[in-house]
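So the chains spell out like this:
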Amino acid sequence: MPNGQWYPPEWPERIRALAAGEITAVTPRRAATVMLLRDDPAEASAATASVAMAGSAEASVATAGLGSAGAGPGGGPEVHMLRRQASMAFAAGAYVYPGGGVDPRDDDRPVGWAGPGRDVWAHRLGVDAASAQAIVCAAVRETFEEAGVLLAGETPETVVGDTTGDDWEADRAALVRHELSFADLLDRRGLVLRSDLLGAWARWITPEFEPRRYDTWFFVAALPTGQRTRNASTEADRAVWIRPGAAIEAYDKGDLLMMPPTVSTLRALMSYGTAAEALATAADRDLTPVLATARLVDGELVLSWPGHDEFTKRVDPAEGGTR
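Not measured: the values here are computed from a predicted model. (Residues numbered from 1 in each chain as written. Predicted model: local features only at pLDDT ≥ 70, side-chain atom pairs only at ≥ 80, totals over all residues. Heavy atoms only, no water.)

Novice: Report on the overall build of the protein, specifying residues and quantitative values.
Specialist: A tally of regular secondary structure across the protein gives nine helices and 14 strands. With 323 residues in all, the protein has 52% of them scored as buried. For the protein, the accessible surface area stands at approximately 13,400 Å², while carbon and sulfur atoms represent 51% of it. (Helix = DSSP H or I, 4+ residues; strand = E, 2+ residues; numbered from the N terminus. Buried < 20%, exposed > 50% of the residue type's maximum accessible area, 1.4 Å probe, protein only. Areas by Shrake-Rupley, 256 points an atom, 1.4 Å probe, with all protein chains shown as cover.)

Novice: Report on the nonpolar core, specifying residues and quantitative values.
Specialist: Ranked by internal contacts, the top residues of the largest apolar core, which has 45 residues, are Val79, Met81, Trp201, Met258, Leu266, Leu303 and Trp305. Not counting residues within four places of it along the chain, the set of residues in contact with Met81 comprises Tyr95, Val96, Tyr97, Arg238, Ala239, Val240, Ile242, Ala247, Met258, Thr262 and Leu266. Ranked by size, the runner-up nonpolar core spans 41 residues in total, among them Ala132, Ala139, Leu151 and Ala221. (Core = buried A, V, L, I, M, F, W, Y, C linked by side-chain atoms within 4.5 Å. Contact = heavy atoms within 4.5 Å.)

Novice: I'd love a proper account of the packing of helix α4 (residues 129-147) against helix α5 (residues 166-176), names of residues and values included.
Specialist: Contact geometry for α4 and α5: axes closest at 9 Å, N-to-C directions at 120°. Seen from above, α4 lies across α5 with left-handed handedness. Here Arg141, Phe144 and Glu145 of α4 come into contact with α5, specifically with Trp168, Arg172, Leu175 and Val176. In terms of residue class, the contact of α4 with α5 is made up of four nonpolar, no polar and three charged. (Axes fitted to C-alpha atoms, helices over the stretch in contact; angles between N-to-C directions. Left-handed = near helix turned anticlockwise from the far one by under 90°. Nonpolar A, V, L, I, M, F, W, Y, C, P; charged D, E, K, R; others polar.)

Novice: Help me get a handle on the pattern of salt bridges, residues and values and all.
Specialist: Using the criterion set out here, one finds 18 salt bridges in the structure. The partner of Asp106 in a salt bridge is Arg141, and the shortest N-O contact between them spans 3.8 Å. With Asp106 in the loop between β4 (99-101) and β5 (113-114) and Arg141 in helix α4, this residue pair connects regions lying 35 residues apart in the sequence. For the pair Asp106 and Arg141, one class covers both residues: buried. For Arg141, the salt bridge identified is with Glu145, shortest N-O distance 3.3 Å. Of this pair, Arg141 and Glu145 both sit in helix α4, four residues apart, which is roughly one turn of the helix. Grouping residues by exposure puts Arg141 and Glu145 together as buried. A network of salt bridges, in which partner residues are shared, links Asp106, Arg141, Glu142 and Glu145. (Salt bridge = Lys/Arg side-chain N within 4 Å of Asp/Glu carboxyl O.)

Novice: Can you explain the pairing of strand β14 (residues 308-315)? Please cite residues and give values.
Specialist: Here strand β13 (residues 300-305) pairs with β14 via four bridges, running antiparallel. Bridge pairing in β14 places Leu303 opposite Lys313. (Pairing = 2+ DSSP bridges.)

Novice: Now, about the packing of aromatic side chains: what can you tell me, with residues and values included?
Specialist: Remark: the centre distance and the inter-plane angle together describe each pair of aromatic rings, the angle taken between the planes. Under the counting rule described, the total for this entry stands at nine aromatic pairs. Judged by centre distance (5.8 Å) and plane angle (75°), the rings of Trp201 and Tyr272 are edge-to-face. One end of the pair, Trp201, is in strand β8 (residues 199-205); the other, Tyr272, is in the loop between α8 (260-269) and α9 (275-281), with 71 residues separating them in the sequence. The exposure classification of Trp201 matches that of Tyr272, with both residues buried. (Phe/Tyr/Trp six-rings, centres within 6.5 Å; stacked < 30°, edge-to-face > 60°.)

Novice: Outline the packing of α5 against helix α6 (residues 182-189), supporting the account with residue identities and numerical values.
Specialist: Viewed as axis vectors pointing N to C, α5 and α6 meet at an angle of 155°, and their least axial separation amounts to 10 Å. When the interaxial angle is binned, α5 and α6 end up roughly antiparallel. Our pair here, α5 against α6, has a crossing hand that is right-handed. Along its contact with α5, which presents Asp167, Trp168, Asp171 and Leu175, the element α6 presents Phe182, Leu185, Arg188 and Arg189. (Parallel < 35°, antiparallel > 145°, perpendicular 65-115°, else oblique.)

Novice: Break down the sheet that holds strand β7 (residues 192-194) for me, with residues and values.
Specialist: The three strands are arranged β5-β7-β6 in an open sheet whose pairing can be described as mixed. If you trace the sheet from one side to the other, it starts and ends with β5 and β6 (152-153), each paired once. Pairing analysis gives two bridges linking β5 to β7, with the strands arranged parallel. Bridging across to β7, Ala114 finds its partner in Arg194.

Novice: Tell me about helix α3 (residues 118-125), and please be specific about residues and values.
Specialist: Given 3.6 residues per turn, any residue in an α-helix points the same way as the ones three and four places further on. Those residues of α3 not exposed but buried are Trp121, Ala122 and Leu125. Angularly, the buried residues of α3 cover 105° about the axis, an arc narrow enough to put them on a single face. Of the residues in α3, the exposed ones pointing more than 90 degrees away from the buried face are Asp119, Val120 and His123. On its buried side, α3 packs onto β5, α4, β8 and β9 (214-222). Of the residues flanking the end of α3, it is Gly126, one or two places downstream, whose phi is positive at about 75°. (Arc of directions from axis to C-beta.)

Following this line, the structure appears as C-alpha cells:
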C-alpha cells in the first residue's frame, strides 16, 4: 500500500534536467516553521469548533476523518497541523506546520527580545547573528500569522493571553500584507519576543531541482496558556490538532499527504510524553542540513535523503515511474 509521501509527478523530469545541465539550482530562501504542541486537548476544544478566517473551519481530528482527537499509537502531546490548499503551487494538499519565509526587514531592525541572545541563536542555527534574529522572528511571526498564536509577552517572564480580538486580528492581517513589520508590532504593543519558548529541532533544504526552494529551520514550542489556535492562513483549508503517532499512522495508510521533513519530525516527536519533554531535549537535536541527492545507479535515478532511507525513490529514466 503506498504511503502519503509527497512526490510531485514532474520531479523525475526535473531531476534529469538538472543532471543534464538544462536547469540551474536556485538559491533556497530562508524559512522557519514551528511544531506547536499541547498536552491537554480540552484546552483548545472551543477553538476546534470555531469557524476560522477566510471561511475555513479549524477541524478536530474527528472532522478531518482521522478518528478521535486523542487517537493513535502512543500518548503524549498533540501537534498543530495545517492542510495546504489544493491550489497552492508548492506542496498542494500536504499537511504541514505553521511557517514561512524570512522577512528581510527582521535581519537588522531592533527587536524586543527575551531569552537566549542573538549570538547564542547564531551558534545554534549555524548562521550570523542578524540571520539568527530574522529566522527566530520568522518562526514567531509565522506562527501568529497562520495559527493566531504569539510567543511574546510584556516582560521576559510573561506571555500574552487571548489573541482572538478584533485589534489582534487587524495587526495579524497587517503583518500578512507586509504593511507592518514584526518589530513594529512588538514595539507598538510593548512586547518582547520570547525566544526561550522555542527549541530548534531540525533543518531541511528543498532539493536542488525544485523551482521553489527553502532552507527551513524547524522549531518546537508549547501552546501558551490562554491562547487558542485557529486556521488564520489563506494558504490552508484545514487545521487539526493530532498526536504524532496518529498522523504517522494515517500517513502510512496513505490518508495524509506529507513531505519528508514533516514525517521525520513527527516520528521524532512520538517518543515524548509531554511538550515540556520535547522542549527539554531540543538543545541536543542535530541541526545538520538534510538535502536530497539524486544519482544514477544501474540505469535508475535514485533520489534519497541522507540519513532517512524511508524516503528513497527509484525512478525509471525511460518511463518516469517510481518505486
